[in-house]
There are 2 protein chains.
Amino acid sequence: MLSEKTIEELRGIVGGEHVHIGPAELVAYSYDATFQQHRPDVAVSPACTEEVVEVMKLAYREVIPVVARGASTGLAGGTIPVSGGILLNLARMNKVIEIDKDNAMAVVQAGVVTAQLQKEVEKVGLFYPPDPASLNQCTIGGNVACNAGGPRCLKYGVTRHYVLGLTVVLADGRVLRCGGKLMKNSTGYQLPQLFIGSEGTLGVVTEVILRLLPLPRVRSTATAFFSKLEDASRSVAAIIASGILPATLELMDNVCINASADYLSLDLPRDAQAMLILEQDGNDEAAVRKEVERMAEVVKAQGAFLVKVAATSKERDDLWKARRGLGPALGRLSPNRFAEDITVAPGRIPEMVHRLLEIGKEFGFQILVFGHAGDGNLHPSILFDNTKPGVMEQVEKAAEAIFDAALELGGTLSGEHGIGTLKREFMEDALGPVALSVMKDIKKALDPKGILNPQKVFPQRASRKGFIMALPTLGNDLPG
Amino acid sequence: MLSEKTIEELRGIVGGEHVHIGPAELVAYSYDATFQQHRPDVAVSPACTEEVVEVMKLAYREVIPVVARGASTGLAGGTIPVSGGILLNLARMNKVIEIDKDNAMAVVQAGVVTAQLQKEVEKVGLFYPPDPASLNQCTIGGNVACNAGGPRCLKYGVTRHYVLGLTVVLADGRVLRCGGKLMKNSTGYQLPQLFIGSEGTLGVVTEVILRLLPLPRVRSTATAFFSKLEDASRSVAAIIASGILPATLELMDNVCINASADYLSLDLPRDAQAMLILEQDGNDEAAVRKEVERMAEVVKAQGAFLVKVAATSKERDDLWKARRGLGPALGRLSPNRFAEDITVAPGRIPEMVHRLLEIGKEFGFQILVFGHAGDGNLHPSILFDNTKPGVMEQVEKAAEAIFDAALELGGTLSGEHGIGTLKREFMEDALGPVALSVMKDIKKALDPKGILNPQKVFPQRASRKGFIMALPTLGNDLPG
């Protein structure tokens, strides 16, 4: 519990209306897109970097945990305030400070919603490629914290490829400005890169300088359907080997195809075991079309029984509906879903998909497979009903098997969601003791009092057993 | 001086023939591509990561400085062993371990020469874009240490955009493996990114996993000539604003044009004040050609009096000769040259070019301007004769004025060469005290004994006055 004096000081910094301490109000700041929940002691919504500085100075002096969040759409528990303390809600810091057309750059506050930025820059012919599924809610600050991706990453890269500069409030309240409006920079350590993907454990990012690209004038999309999931997954390497770098290469399995078709009343071949969405973009219509047709040939040679190329942008939007609507579509299939984010080298996707199907059989779950196949990032999802006794223990075992399989294939725990609380107990398995120790040294150097997003990313328990059961879940922390 | 026992131990690690202590032999390990020179106590050439581990364990135990180097083509003194100690020559570690065609990735030892890797991957239809001017000598390890770039960075990015994983031997000899064959990775801190651009001050990079792209099938190149340097520099923003992301956008001023024309007997318009090299690449010949033609229109509208589009690849190679031959061509103009590497936002190039010309006038030097204009990275070069009394003091003042101007325009000290010894005294001006202090904290966490490339990157003197004069130069350290 924080003292009344501390709460008063916070009110003095951000204004009384931006400080919340009522248990019912705090529920809104206690969860993310996982099943976890834990209330902070206070939620504080600053308006600018200077207010974040004052909050951090106070927190540093009084040794209070601080968890920064944007829209809290995270899928790994990264913004759950598991240690209580101050929840720093950056959603009010939602200003696009500048769209610099001459330099193709944008300067934004951390709370700007990703899709809002994309729309604004597209109005002036520019393009911000990273497009996580939650793009209509999630914020640039959160994207930086998790090094977010999306379907366009094979060709365009992830968030870290677009961050040129950051304003970061450090644990003790000092303001670090690093990078700048610079396309190239070999002046000292690449500090912006250190904060990207650090999930709020090293500092609070308040402003971001982003690189933009010219908006491609043309897009062309095709879908390919396969009677064997393995043929679809083998097609990924074949397309890349054909010399084409597609803008998108998305994979959905039979369950996902049917869930989407039901949910959106789409006419999709119900018995297809896999579907690939293939997209290319560029400035020249004929050239883009030619590459999509070439990809169609490649997937046919790999065994696709049907390939549809969208003739109009309306048809293209329809093709995307199946993929974009997957979240809610899958939500109807079972009461609960445990959605993961493993990544392997793209060439190992067939093997990983095979392992996932085996794991599903072994533990008696339906495990769906979809994801950004082009870059090896899969979102296997375990469907379950957590009211059934003992089911969470089984989910835990199946998830463990999924992580182990990814690591055995040279892959990793997360491609774009981050580690948060959910996967922290697997970090030593994933990185090894030396990398983990280097991370700890850096953490200690930048956050000596350990107040920034405590209990995240780093392992907290002696064993990974019970890694889900030990998390604070919905229902454990309802308002009194 | 190192003890005979230490030298013997080093011989035991790498083999006697790979340890050099003779003063004459050590000269070969005492310089880079600047004017600096300082001999190490011993030069050691390991064959593999395991040998580097043993060398580092010894150096850590005995607190001996270690400077790693590849080809020592650096332009900032980064590999000069200014504190003596062990010069760790990684040139023997020149194995391309794997070209993984399915995943479009390569695994290489640090001593692989950049152009050699490029040739090998091109044989199988793949492409490694970063292309520093010294690509025929410089090594991937050095490219990682300096976050090297080259003419293709506007479209393709710099070294850090291609590094997926690193093997690093830490100060105490532990082996850090970070990243992997992973296109996306949000599993913990982005450790590979921390080592990129750290100039050997945080660890010794021994192996690198690189991302490759499909090799573009077509390239098209044009040159544009201007009667005003400002029109050329304004064209850069105009091309980007036209929605085109060129593969290359290089700038050369009148002196550079004439030096190249003389050196290579090329037929170039001698009175042109500036030349731009414009290049686009892609898979579709018509589309690529169309974009080059569109760029030609844009530069004409900005005042280019002549635009030549290369009709054949022979013609294209001739156009590039002028740019690639610039180093030796300029070498003939004056006994000495001080070549810098400042970077500004591309839109500020006209202002930066104007400032450079003013600085030349003020200090009585000819200052050439050429560089990667598309990404704002310029290499202004001061021509001088250091046998003239007092000239180095004046060079120092002019260089200071160049750095100050770049920083005033929101730019930075280095786009691709790094800081080394040459620009270390400007780091606080460039980064501010907070960023510098964060860098120091990270350095201390990873290299607590300060044995890795001492006296580099960080300021060493109370004032920047005398920043060149204080460096160990050729002639100060000739073999006895």
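Worth saying up front: this structure is predicted, and the values here are computed from it rather than measured.

**Concerning the interface of chain A and chain B**
Contact residues are listed per partner, giving 86 residues for chain A and 86 residues for chain B. Interface area, chain A with chain B, both sides summed: about 6,600 Å², of which 58% is carbon and sulfur. Here chain A and chain B share six salt bridges between them. Residues Asp-284 of chain B and Lys-290 of chain A are paired through a salt bridge, measuring 2.5 Å at the closest nitrogen-oxygen approach. For the side of chain A that touches chain B, the secondary-structure elements that each account for two or more residues are α6 (153-156), β9 (175-179), α7 (191-195), β11 (213-214), α8 (229-241), α10 (285-301) and α15 (427-446) of chain A.

**Looking at the relation of the copies chain A and chain B**
Placing chain A over chain B gives an RMSD of 0.0 Å and needs a rotation angle of 180°, together with 0.0 Å of translation along the axis. Overall, the copies show the geometry of a two-fold rotation axis. Of the residues that chain A buries at the interface, 100% are likewise interface residues in chain B, meaning the two copies contact each other through the same surface.

**What about the domain arrangement of chain A?**
Residue and element names in this part refer to chain A. Domain boundaries in chain A define domain 1 (96-214), domain 2 (218-329) and domain 3 (334-417). With 16 residues of domain 2 at the interface, the matching set in domain 3 holds 17 residues. Interface of domain 2 and domain 3: buried area, both sides summed, is about 1,300 Å²; carbon and sulfur atoms make up 65% of it. Counting across the interface, domain 2 meets domain 3 through zero salt bridges.

**Describing the packing of helix α13 (residues 349-363) of chain A against helix α14 (residues 391-408) of chain A**
In a packed pair of helices, the relevant descriptors are the angle between the two axes and the axis-to-axis distance. Residues and elements named next belong to chain A. At a closest axis distance of 10 Å, the pairing of α13 and α14 adopts a crossing angle of 160°. Regarding the angle of α13 to α14, the classification is roughly antiparallel. Relative to α14, α13 is oriented so that their crossing is right-handed. Between α13 and α14, the residues in contact are Met-352, Arg-355, Leu-356, Ile-359 and Phe-363 and Gln-394, Lys-397, Ala-398, Ala-401, Ile-402, Ala-405, Ala-406 and Glu-408, respectively. Looking at side-chain class alone, the contact of α13 with α14 contains nine nonpolar, one polar and three charged residues.

**Focus on the pattern of salt bridges**
This model, assessed by the stated rule, comprises 66 salt bridges over all chains. Taking the shortest distance from any N to any O, the salt bridge between Glu-400 of chain A and Arg-464 of chain A comes out at 2.9 Å. Placement of the pair is Glu-400 of chain A in helix α14 and Arg-464 of chain A in the segment after α15, with a sequence separation of 64 residues. Taken as a pair, Glu-400 of chain A and Arg-464 of chain A share a single burial class, namely buried. In this structure, Arg-424 of chain B and Glu-425 of chain B form a salt bridge, with 3.2 Å as the shortest nitrogen-oxygen distance. Within the structure, one salt-bridge network assembled from shared partners comprises Lys-155, Arg-219, Glu-279, Asp-281, Arg-316 and Asp-317 of chain A.

**Notes on the side chain of His-372 of chain A**
Structurally, His-372 of chain A is set in strand β18 (residues 370-372). Under the relative-accessibility criterion, His-372 of chain A is labelled buried at 4%. Ignoring any residue separated from it by four or fewer positions in sequence, one finds His-372 of chain A in contact with Gly-150, Pro-151, Leu-249, Glu-250, Arg-323, Asn-377, His-379 and Glu-416 of chain A together with Lys-184 of chain B.

Basis of the calculations
- Residues numbered from 1 in each chain as written.
- Chains lettered and ligands numbered in written order.
- Predicted model: local features only at pLDDT ≥ 70, side-chain atom pairs only at ≥ 80, totals over all residues.
- Heavy atoms only, no water.
- Contact = heavy atoms within 4.5 Å.
- Buried area = accessible area lost by both parts, 1.4 Å probe.
- Salt bridge = Lys/Arg side-chain N within 4 Å of Asp/Glu carboxyl O.
- Helix = DSSP H or I, 4+ residues; strand = E, 2+ residues; numbered from the N terminus.
- Least-squares fit on C-alpha atoms with pLDDT ≥ 70 in both.
- Domains from an automatic or database assignment.
- Axes fitted to C-alpha atoms, helices over the stretch in contact; angles between N-to-C directions.
- Parallel < 35°, antiparallel > 145°, perpendicular 65-115°, else oblique.
- Left-handed = near helix turned anticlockwise from the far one by under 90°.
- Nonpolar A, V, L, I, M, F, W, Y, C, P; charged D, E, K, R; others polar.
- Buried < 20%, exposed > 50% of the residue type's maximum accessible area, 1.4 Å probe, protein only.

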